[in-house]
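# Report on the structure
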Amino acid sequence: MKQLQVKTHQGEYPIYIGDGCLNELTPFIQKATQVVVITDETVYELHYQTLAHVLSKEALVYVIKPGEASKSFEVYHAIQTFLIQNQVDRKALILAFGGGVVGDLAGFVAATYMRGIDFIQVPTTLLAHDSAVGGKVAINHELGKNLIGAFYPPKAVIYELPLLATLSDKEWRSGLAEMVKHGFISDEVLLKTLMSFHTLDPLQEEIFAALLMQSLMVKKNVVEMDEFEKGSRAFLNFGHTFGHAIELDEKSLSHGEAVAIGIIFALYLSKKTFKIDLAIDDYISYLKQLNFPLFLKADRATQYMNYMLHDKKNEQHQIRFVLLKEVGNPVLVTFSEEELKPMLQQFLNEMTKEVRVCH
Ligand SMILES: NC(=O)c1ccc[n+]([C@@H]2O[C@H](COP(=O)([O-])OP(=O)(O)OC[C@H]3O[C@@H](n4cnc5c(N)ncnc54)[C@H](O)[C@@H]3O)[C@@H](O)[C@H]2O)c1
Ligand SMILES: O=C(O)C(=O)C[C@@H](O)[C@H](O)[C@H](O)COP(=O)(O)O
Ligand SMILES: [Zn+2]
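For clarity, every value in this text was computed on a predicted model and none was experimentally measured.

## Notes on the coordination of the zinc ion (ligand 3)
Taken together, the protein donors to the zinc ion (ligand 3) comprise Glu178 (OE), His240 (NE2) and His255 (NE2), at separations of 2.0 to 2.1 Å. We note that the donor set of the zinc ion (ligand 3) lies within a single chain, spaced as E-x61-H-x14-H. Residue Glu178 is found in helix H6 (residues 169-186), and its partner His255 is found in helix H10 (residues 255-274); the two are separated by 77 residues along the sequence. Its relative accessible area of 1% is what places Glu178 among the buried residues.

## Details of the domain arrangement of the chain
In many analyses, interface size is given as the accessible surface area lost on bringing the parts together. Its domain assignment divides the chain into domain 1 (2-166) and domain 2 (169-355). Once you take the C-alpha centre of each, domain 1 and domain 2 turn out to be 26 Å apart. In this complex, domain 1 contributes 28 residues to the contact, which on the side of domain 2 involves 32 residues. Carbon and sulfur atoms supply 68% of the area that domain 1 and domain 2 bury against each other, a total of about 2800 Å² over both sides. Of all residues in domain 1, the largest losses of buried area upon contact with domain 2 belong to Leu126, His129 and Lys145, amounting jointly to 23% of the total for that side.

## Some thoughts on the pairing of strand S4 (residues 60-64)
Where strand S3 (residues 35-40) and S4 come together, five bridges link them in parallel fashion. Residue pairing in the sheet places Thr39 in a bridge with Val63 of S4. For the handedness criterion, the β-α-β arrangement of S3, helix H2 (residues 41-54) and S4 is classed as right-handed.

## A few points about the packing of aromatic side chains
In total, this model carries 17 aromatic pairs according to the counting rule given. On the numbers, 5.9 Å between centres and 80° between planes, the contact of Trp172 with Phe208 is edge-to-face. In this pair, Trp172 sits in helix H6 while Phe208 sits in helix H8 (residues 206-225), placing the two residues 36 residues apart along the sequence. Taken as a pair, Trp172 and Phe208 share a single burial class, namely buried. Between Phe242 and Tyr304, the ring centres sit 5.3 Å apart and the planes meet at 90°, which makes this aromatic pair edge-to-face. Here the residue Phe242 occupies a position in helix H9 (residues 240-249), and Tyr304 occupies one in helix H12 (residues 301-308), the gap between them amounting to 62 residues. Phe242 gets classed as buried once you look at its relative accessible area, which sits at 0%. Residue Tyr304 is classed as buried on the basis of its relative accessible area, which comes to 1%. By the ring-pair criterion, three or more aromatic residues cluster together here, those being Phe242, Phe265, Tyr268, Tyr304, Phe321, Phe335 and Phe347.

## Here's the deal with a nonpolar patch on the surface
A surface patch of nonpolar side chains, amounting to about 220 Å² of accessible area, comprises Leu143, Leu147 and Ile148. Inspection of the secondary structure puts Ile148 in strand S8 (residues 144-151).

## Quick notes on the UniProt feature "binding site: NAD(+)" (unreviewed entry) in the chain
Within this structure's numbering, the places UniProt gives as "binding site: NAD(+)" (unreviewed entry) are Gly100, Val101, Val102, Gly103, Asp104, Thr124, Thr125, Lys136 and Lys145. Structurally, Val101 is set in helix H4 (residues 100-112). By relative accessible area, which is 17% here, Val101 ends up buried. Those residues in contact with Val101 that lie beyond four places of it in its chain are Ile64, Gly67, Glu68, Ser70 and Lys71. Along the chain, the position of Lys136 falls in strand S7 (residues 136-141). Ignoring sequence-local partners within four residues, the contact set of Lys136 consists of Asp104, Ser131, Ala150, Phe151, Glu229, Arg233 and Asn237.

## Notes on the nonpolar core
Counting residues in hydrophobic clusters, the biggest one holds 79 residues, and the most contacted among them are Leu126, Phe242, Tyr283, Leu340, Leu344 and Phe347. A total of eleven residues in this core trace back to one element, the largest contributor, which is H10. Taken domain by domain, this core gets at least three of its residues from each of domain 1 (2-166) and domain 2 (169-355). Apart from the residues lying within four places of it in its own chain, the contact partners of Leu126 are Tyr159, Leu164, Leu167, Trp172, Gly175, Leu176, Met179, Leu203, Phe208 and Leu212. The next biggest cluster of nonpolar side chains, apart from the first, holds 27 residues, and it includes Tyr76, Ala92, Ile94 and Ala111.

What counts, and where the lines are drawn
- Residues numbered from 1 in each chain as written.
- Chains lettered and ligands numbered in written order.
- Predicted model: local features only at pLDDT ≥ 70, side-chain atom pairs only at ≥ 80, totals over all residues.
- Heavy atoms only, no water.
- Donors = N, O, S within 2.8 Å, 3.2 Å for Na, K, Ca; no water.
- Helix = DSSP H or I, 4+ residues; strand = E, 2+ residues; numbered from the N terminus.
- Buried < 20%, exposed > 50% of the residue type's maximum accessible area, 1.4 Å probe, protein only.
- Domains from an automatic or database assignment.
- Contact = heavy atoms within 4.5 Å.
- Buried area = accessible area lost by both parts, 1.4 Å probe.
- Pairing = 2+ DSSP bridges.
- Right-handed = clockwise from strand over helix to strand, strands pointing away.
- Phe/Tyr/Trp six-rings, centres within 6.5 Å; stacked < 30°, edge-to-face > 60°.
- Patch = residues over 30% accessible without salt bridge, like charges linked within 9 Å, V, L, I, M, F, W, Y side chains within 5 Å.
- Areas by Shrake-Rupley, 256 points an atom, 1.4 Å probe, with all protein chains shown as cover.
- Salt bridge = Lys/Arg side-chain N within 4 Å of Asp/Glu carboxyl O.
- UniProt positions renumbered as here; feature names shortened; annotations may be inferred.
- Core = buried A, V, L, I, M, F, W, Y, C linked by side-chain atoms within 4.5 Å.

Here you go:
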């Protein structure tokens, strides 16, 4: 087991990572008046018994439907009602047991229930190495992703890696996309190593734990420098401006799959803006080899634009993108709607040869 510490405005919290770290929950559970586990149906079926084994108290359990649709006001409200009806008090502890959906939702419940109660992230997906760290918690609005949320750090992150063994290829891919993103914005070696894998198999191997640590370190370092996204934390949003738009538009894509496509557009805009070659073709071939679902809709530019116009990075109705001057050198670049729309349309037209563009 390995341990990292993440510094926040409220002190530090530990990330425990590896085999057997669920036991690190014990002191937190002993201190709490009640334990509430929020999880989804899939994780509950596959892994709740493993978690229950280390819970020294009987827990209240709230099980949501798996998937992004659960990051909604309705589900948020239903959980708050459940907590109130069960007289959960301010010294209770919420365990977010699942992927990023459970983590974001349960974290936002914890941030707001009685003005804030303790919660611990117990991530179960690869992608959640990103979502469990950094304290961003949120639910979605139909007009945009994560528009209602808070910065609310967990008391700990307990990353029991053997739980990842049951992930589907789709979920491995999704998590890999956020690792690749971390590589693009700050660690060329991580990026090159990840892109040297032509199948998903290495993710099950020993070397993978080291790459995951590197990716976690990128996230930790960025959020420690700018916890509340006043500046450089926005670089973690590389690929997300367009990624969030297609994730909202095409529900079959997972978050990471959408981000992987969002990165293509960010590389395309980087090339146009800075006249540099960031080897977009190599990146697209890499995604294809790993069977990422790459599809865009050429006739959806207006819808994509509407989603991007609600992005949280925007200022004064201008759309802000994270672009790269080179790998490891991200910058924020602002476009007006009038500037961006033709570039997006041109991108969609040009991509017809590269990715499956639906009409
Ligand atoms: N807060 C942040 O900083 C941050 C960062 C990145 C992503 N996110 C958010 O995270 C969400 C995506 O997270 P995700 O990809 O983990 O999605 P998810 O939570 O929906 O999990 C993906 C799927 O995997 C299943 N699953 C979870 N653990 C499993 C396991 N061990 N074995 C088998 N199946 C398992 C789930 O039931 C679900 O169907 C998005 O809403 C995204 O916006 C937040
Ligand atoms: O931690 C961050 O900051 C990130 O941007 C990480 C992203 O991977 C993540 O998807 C995040 O939820 C996006 O943030 P948002 O502010 O654009 O909703
Ligand atoms: Zn993300």
